[in-house]
Amino acid sequence: GPVYNIVDDEPMRLAEFLSFLASAVGARPPREAPRWLIRLIAPVVSEAAFTRIPLSNGRARRELGWSPVHRSVRDEAFS
């Protein structure tokens, strides 16, 4: 069957999302290591962490008539 991306309308880097999530639950934000160090220690993790994967909810909107309840996780999900 078809595959749909169910995401909000604003893209977010993984590191930004993890910091946002930590703040939302009252935890300290994760520390960010320099990109060169992550590549040296864990090249596969580095590739996954720094690769931008464009996601769009356009197909779900068109074919299912779906729209997100919250336009952006930044604005509303934890308020």
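Keep in mind the model is a prediction, meaning the values are calculated, not measured.

Draft legend 1. Fine view of the packing of aromatic side chains. In total, this model carries 0 aromatic pairs according to the counting rule given. Across the ring face of Tyr4, the terminal group of Arg59 is positioned such that the distance to the ring centre comes to 5.1 Å.

Draft legend 2. Representation of the pattern of salt bridges in the model. Per the stated rule, a full pass over the model turns up 3 salt bridges. Of the charged contacts in the structure, one is a salt bridge between Asp9 and Arg61, with a shortest N-O distance of 2.9 Å. You can see Asp9 sitting in the segment before helix 1 (14-24) and its partner Arg61 sitting in helix 4 (residues 58-64), a full 52 residues away along the chain. Arg71 is the salt-bridge partner of Glu10, the closest N and O atoms lying 2.6 Å from each other. On the criterion of sequence distance, the pair formed by Glu10 in the segment before helix 1 and Arg71 in the segment after helix 4 is long-range, its members being 61 residues apart.

Draft legend 3. A look at the environment of Arg13. Relative to the helices and strands, Arg13 is located in the segment before helix 1. On a C-alpha basis, the gap between Arg13 and Ala42 in space is 19 Å, while along the polypeptide they are 29 residues apart.

Draft legend 4. Spotlight on the side chain of Asn57. Within the fold, Asn57 resides in the loop between helix 3 (43-50) and helix 4. When its relative accessible area of 7% is taken as the criterion, Asn57 is described as buried. Among the polar contacts made by the side chain of Asn57, one reaches the main-chain carbonyl oxygen of Val7 at a distance of 2.9 Å. Looking at Asn57, its side chain comes within polar contact range of the side chain of Arg61, at 2.9 Å.

The rules behind each value
Residues numbered from 1 in each chain as written. Predicted model: local features only at pLDDT ≥ 70, side-chain atom pairs only at ≥ 80, totals over all residues. Heavy atoms only, no water. Phe/Tyr/Trp six-rings, centres within 6.5 Å; stacked < 30°, edge-to-face > 60°. Lys NZ or Arg CZ within 6 Å of the ring centre and 35° of its normal. Salt bridge = Lys/Arg side-chain N within 4 Å of Asp/Glu carboxyl O. Helix = DSSP H or I, 4+ residues; strand = E, 2+ residues; numbered from the N terminus. Buried < 20%, exposed > 50% of the residue type's maximum accessible area, 1.4 Å probe, protein only. Polar contact = N/O pair within 3.5 Å; in protein donor to acceptor, adjacent residues only side chain to side chain.

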